[in-house]
Amino acid sequence: IERPDDYLIKSVVNRSAQKVYIIQNIDKKLDLEDIAHSKGIKLPDVVQEIENIVLSGTRVNLDYYINERIDIAEQDDFFECFRKSDDNCIDQVWEEFGKELYTREEIQLMRIKFISEMAN
């Protein structure tokens, strides 16, 4: 039996079209609500998909979206809170900062920004 010395294995990264679409539109700095509307899904689903993208190691820049909704000084407060919290801290931070000030998606986006900047 003869065996070749070198093996050439080609693989294709398995990325869904939706993930690629979201990343491309974030790069274009489109509003997340517009991205959700164009794909026929809800904003929480887009935010969850972005979180999955970031947790898989892809860095995203959501500053254009977050800076319109959350003051820079408060973003620092969020970061400090995330540093002190465990991994599943969104509800804890949401309670601390007040549910009437921010939506759960905004808190989740801040956590995504934190992970993207600190871990990736």
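Residues numbered from 1 in each chain as written. Predicted model: local features only at pLDDT ≥ 70, side-chain atom pairs only at ≥ 80, totals over all residues. Heavy atoms only, no water.

## A short note on the side chain of Asn25
And step 1. Structurally, the position occupied by Asn25 is in helix α1 (residues 17-27).
And step 2. Judged by its relative accessible area of 6%, Asn25 is buried.
And step 3. Reaching out from Asn25, the side chain makes a polar contact with the backbone oxygen of Tyr21 at a distance of 2.8 Å.
And step 4. With sequence-adjacent residues up to four places away left out, Asn25 is seen in contact with Leu30, Ile35 and Tyr64. (Helix = DSSP H or I, 4+ residues; strand = E, 2+ residues; numbered from the N terminus. Buried < 20%, exposed > 50% of the residue type's maximum accessible area, 1.4 Å probe, protein only. Polar contact = N/O pair within 3.5 Å; in protein donor to acceptor, adjacent residues only side chain to side chain. Contact = heavy atoms within 4.5 Å.)

## Description of the packing of aromatic side chains
The geometry of an aromatic ring pair comes down to the distance between the two centres and the angle between the two planes.
And step 1. The tally for this structure, following the rule as stated, stands at five aromatic pairs.
And step 2. Pairing Tyr64 with Tyr65 gives two aromatic rings, centres 6.5 Å apart and planes at 75°, and the pair type is edge-to-face.
And step 3. Judged by relative accessible area, which is 17%, Tyr64 ranks as buried.
And step 4. Tyr65 gets classed as buried once you look at its relative accessible area, which sits at 3%.
And step 5. Ring centres of Phe79 and Phe114 lie 5.3 Å apart, and the angle between their planes is 90°; this geometry places the pair in the edge-to-face category. Of the two residues, Phe79 sits in helix α5 (residues 72-84) while Phe114 sits in helix α7 (residues 104-118), which places them 35 residues apart along the sequence.
And step 6. Counting every residue linked through ring pairs, the aromatic cluster contains Phe78, Phe79, Phe82, Tyr102 and Phe114.
And step 7. Sitting over the face of the ring of Tyr21, Lys39 holds its NZ or CZ atom 4.7 Å from the ring centroid.
And step 8. The positively charged end of Arg69 is found above the aromatic ring belonging to Tyr65, 3.6 Å away from the centroid. (Phe/Tyr/Trp six-rings, centres within 6.5 Å; stacked < 30°, edge-to-face > 60°. Lys NZ or Arg CZ within 6 Å of the ring centre and 35° of its normal.)

## Description of the packing of helix α3 (residues 43-55) against α7
And step 1. Where α3 contacts α7, the axes come no closer than 10 Å and their chain directions differ by 15°. Here α3 lies roughly parallel to α7, going by the angle between them. Considering only the axes of α3 and α7, their crossing is left-handed. Residue-level inspection shows Pro44, Val47, Gln48, Ile50, Glu51, Val54 and Leu55 of α3 in contact with α7, the latter providing Glu105, Gln108, Leu109, Arg111, Ile112, Ile115 and Ser116.
And step 2. Considering only residue class, the contact of α3 with α7 consists of eight nonpolar, three polar and three charged. (Axes fitted to C-alpha atoms, helices over the stretch in contact; angles between N-to-C directions. Parallel < 35°, antiparallel > 145°, perpendicular 65-115°, else oblique. Left-handed = near helix turned anticlockwise from the far one by under 90°. Nonpolar A, V, L, I, M, F, W, Y, C, P; charged D, E, K, R; others polar.)

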